[in-house]
Amino acid sequence: MVHKAVILGTGPAGYTAAIYLARANMKPIVIEGPEPGGQLTLTTEVENFPGFPEGIMGPELMASMRKQAERFGAEFKRGWVTSVDFGKPPYKITVEGIGEIESESIIISTGASAKLLGIPGEKENIGRGVSTCATCDGFFFRGKKVIIIGGGDSAMEEANFLTKFAEEVRVVHRRHELRASKIMQERAKANEKISWSLNKTPVEVLAKENKVTGLKVKDNETGTEEVIETDGIFVAIGHKPNTDFLAGKIETDETGYIIVKPGTSETNVPGVFASGDVQDHKYRQAITAAGSGCMAALDCERFLEGSASHDWSQSL
Ligand code: NAP
């Protein structure tokens, strides 16, 4: 059976695309990967998603979006996409445990994963003081001490952002030189609330009673270890788009992010669309991902109907 539309990934982008396509009667099949709900299921309270004045827990928000898509007839299948064939339509997707799925169109919303250090205490304390998103969690550290790990633009930007809340922000970076652009470095260095621990490798996240208390670091020159006391640790060592399974079948930039035609969700393959963090290394917010999922669904619907000049405002 050839489906009309298959959506890969179930973060805010995939769920939103599913809601729109299901409401348009396109009967989308949604493939849920190993982390259903995406990055938001790793956070605790989400306070900046419009419509929830009291905030909402990340997993709850994702579960509600899934329910909403199901209500309109989206069909969910759990599995790991191992390969795709975009040679000619219908396109083929191979899903471990399910087999081959054929579809006239595909929306890729497989997201990006924040890179982690892989040190003891890190993963188990996500949501208990360890975070990979300053925009999401900075607010919880009002008047507290936080550490940001990394020396790139993200680390500098997030360090500056965190000074709005935290009393002290310490940047821990594994080299003496920062990777960040000059302007971002200068901005961070001019900020009196930011202090620096350079040429130090993070070794272990320390926690007590489910709360982060410190970061053990090793000096790369002397080899001596010390504990920096802190209330929170923000890991900002980059993101990796989840595009390995595409293996060169679609145009990406050198870091693996899918390239879309500006202002659309169109990839270089007709009928294959991308939305959410898999094509966005800049904004990376639940709300922007959801918005781009909506764009992908509308672009996809237009593709399936073969009408390039549809007025969307008339059909919603
Ligand atoms: P990035 O440029 O790749 O920087 C990652 C940083 O993390 C580097 O300093 C790196 O150290 C460090 N790191 C990586 N793995 C590590 C590990 N295992 N242990 C300790 N440290 C580790 O990533 P990014 O800062 O997220 O930026 C990604 C892209 O987005 C860049 O092109 C950036 O310019 C862009 N961006 C731009 C803006 C802006 O202009 N406003 C803001 C954010 C991001 P080394 O330096 O030693 O490799």
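Residues numbered from 1 in each chain as written. Predicted model: local features only at pLDDT ≥ 70, side-chain atom pairs only at ≥ 80, totals over all residues. Heavy atoms only, no water.

## A look at the packing of aromatic side chains
A ring pair, where both rings are aromatic, is described by two values, the distance of the centres and the angle of the planes. Threshold: Pairs were defined over the aromatic rings of Phe, Tyr and Trp, the Trp ring being its six-membered one, requiring ring centres within 6.5 Å. Orientation was assigned from the angle between planes: stacked under 30 degrees, edge-to-face over 60, tilted for the rest. Under the scheme applied here, a residue whose accessible area is under 20% of the maximum for its type counts as buried, over 50% as exposed, and between as partly exposed, the area being computed with a 1.4 Å probe on protein chains only.
Per the counting criterion, the structure on display carries eight aromatic pairs. With centroids separated by 6.3 Å and ring planes inclined at 50°, the aromatic side chains of Phe49 and Phe52 adopt a geometry described as tilted. Residue Phe49 is classed as buried on the basis of its relative accessible area of 11%. Note on Phe161 and Phe165: the rings are 5.3 Å apart at their centroids and 70° apart in plane angle, and the pair reads as edge-to-face. Taking the relative accessible area as the measure of exposure, Phe161 reaches 23% and is therefore partly exposed. We classify Phe165 as buried; its relative accessible area is 15%. Members of the aromatic cluster, connected to one another through ring pairs, are Phe139, Phe140, Phe161 and Phe165.

## Describing the domain arrangement of the protein chain
For clarity, the cut-off: Domain extents, as shown, originate in an automatic or database domain assignment. Residue contacts are defined here by distance: any two heavy atoms, one from each residue, within 4.5 Å place the two residues in contact. In what follows, salt bridge is the name for a side-chain nitrogen of Lys or Arg lying within 4 Å of a carboxyl oxygen of Asp or Glu. Side-chain classes are defined by residue name, with Ala, Val, Leu, Ile, Met, Phe, Trp, Tyr, Cys and Pro counting as nonpolar, Asp, Glu, Lys and Arg as charged, and the others, Gly among them, as polar.
Domain boundaries in the protein chain define domain 1 (2–113 + 239–314) and domain 2 (116–235). Just the C-alpha atoms count here: the centres of domain 1 and domain 2 sit 32 Å apart. Contacts between the two partners involve seven residues from domain 1 and, on the opposite side, seven residues from domain 2. Connecting domain 1 to domain 2 are zero salt bridges. Residue composition of the side of domain 1 that touches domain 2, grouped by class: one nonpolar, three polar and three charged.

## Focus: the environment of Ile287
Cut-off, in case you're wondering: Helix numbers and strand numbers start at the N terminus; a helix is a DSSP run of H or I with at least 4 residues, a strand a run of E with at least 2.
With respect to the helices, strands and loops of the structure, Ile287 is situated in helix α6 (residues 286–305). Taking relative accessible area as the criterion, Ile287 reaches 40% and is therefore assigned partly exposed. C-alpha separation for the pair Ile287 and Gly37, spaced 250 residues apart in sequence, amounts to 14 Å. Beyond its immediate chain neighbours, meaning those up to four positions away, Ile287 contacts Phe49 and Pro50.

## Looking at the site of the ligand
What counts is decided by this rule: Near is defined per residue: the residue qualifies when any heavy atom it owns lies within 4 Å of the molecule or strand. Nitrogen and oxygen atoms within 3.5 Å of one another constitute a polar contact, given that in protein one can donate a hydrogen and the other can accept it, and given that sequence-neighbouring residues count only through two side-chain atoms. The method behind every accessible area is Shrake-Rupley, applied with a 1.4 Å probe, and residues are considered shielded solely by the protein chains displayed.
Close contacts around the ligand come from 14 residues, with Asp153, Ser154, Glu157, Arg175 and Arg179 the closest. In the environment of the ligand, an oxygen atom lies 3.3 Å from a nitrogen or oxygen atom belonging to the backbone of Gly152. Arg179 is positioned with one of its side-chain polar atoms (N or O) 2.7 Å from an oxygen atom of the ligand. A total of 910 Å² of accessible area belongs to the ligand in isolation, and the protein chains cover 67% of it.

## Notes on the state of the cysteines
Applicable threshold: Working definition: a disulfide is two cysteine sulfur atoms within 2.5 Å of each other.
Counting across every chain of the model gives one disulfide. With no disulfide of its own, Cys294 has Cys300 as its nearest cysteine by sulfur position, at a separation of 12 Å. Among the residues examined, Cys294 registers a relative accessible area of 17% and is labelled buried.

## Here we look at the packing of helix α1 (residues 12–23) against helix α2 (residues 58–71)
The condition that has to hold: For every element, the axis is a line fit to its C-alpha atoms; helices are fit only across the contacting stretch, and the angle between N-to-C directions ranges from 0 to 180 degrees. If an angle is under 35 degrees, it is roughly parallel; if it is over 145, roughly antiparallel; if it lies from 65 to 115, roughly perpendicular; otherwise it is oblique. Each crossing is labelled by how the near helix is turned from the far one, with a counterclockwise turn of less than a right angle marking it left-handed and a clockwise turn marking it right-handed.
Where α1 meets α2, the axes come as close as 8 Å, and the angle between the chain directions of the two elements is 20°. In terms of their interaxial angle, α1 and α2 are classed as roughly parallel. The two elements α1 and α2 meet at a crossing, and its hand is left-handed. Residues Pro12, Tyr15, Ala18, Ile19 and Ala22 of α1 touch α2, and the partners they reach there are Met62, Met65, Arg66, Gln68 and Ala69. Taken together, the residues of the contact of α1 with α2 sort by class into eight nonpolar, one polar and one charged.

## Details of the side chain of Gln185
You can see Gln185 is positioned in helix α5 (residues 182–189). Judged by relative accessible area, which is 17%, Gln185 ranks as buried. At a separation of 2.8 Å, a polar atom in the side chain of Gln185 contacts the main-chain carbonyl oxygen of Ala180. Filtering out sequence-adjacent residues up to four positions away, Gln185 remains in contact with Met156, Leu178 and Ala180.

## Looking at the confidence of the model for the protein chain
What counts, and what does not: Every residue gets a pLDDT, meaning the predictor's confidence in that residue, from 0 to 100.
For the protein chain, per-residue confidence averages 93 on the pLDDT scale, and 96% of positions sit at 70 or higher. Confidence drops under pLDDT 50 across residues 307–312; counting only partners more than four residues distant or on other chains, this segment forms seven contacts.

## Describing the nonpolar core
Inside soluble globular proteins, nonpolar side chains tend to come together where they are buried. Our working rule: Think of a nonpolar core as a cluster: buried Ala, Val, Leu, Ile, Met, Phe, Trp, Tyr and Cys residues, connected wherever their side-chain atoms sit within 4.5 Å.
Formed by 27 residues in total, the largest nonpolar core has its most connected members in Ile7, Leu21, Leu61, Ala74, Ile107 and Cys300. Of all elements in the fold, only β1 (2–8), α1, α2 and α6 reach the threshold of two or more residues within this core. Of the residues forming this core, the biggest block, six residues, is contributed by α1. If we ignore the near neighbours within four places in the chain, the residues touching Cys300 are Ala5, Leu21, Ser105, Ile107 and Phe273. Ranked by size, the runner-up nonpolar core spans 22 residues in total, among them Phe86, Tyr91, Ile93 and Ile101.

## Comments concerning α5
For the record, the criterion: By definition, the arc is the one covered by directions from the helix axis to the C-beta atoms.
Those residues of α5 that sit buried are Met184, Gln185 and Ala188. Projected down its long axis, α5 shows its buried positions confined to an angular sector of 100°, all on one face. Projecting away from the buried face of α5 at angles above 90 degrees are the exposed residues Lys182 and Ile183. Here the buried face of α5 lies against α4 (153–162) and β13 (194–198).

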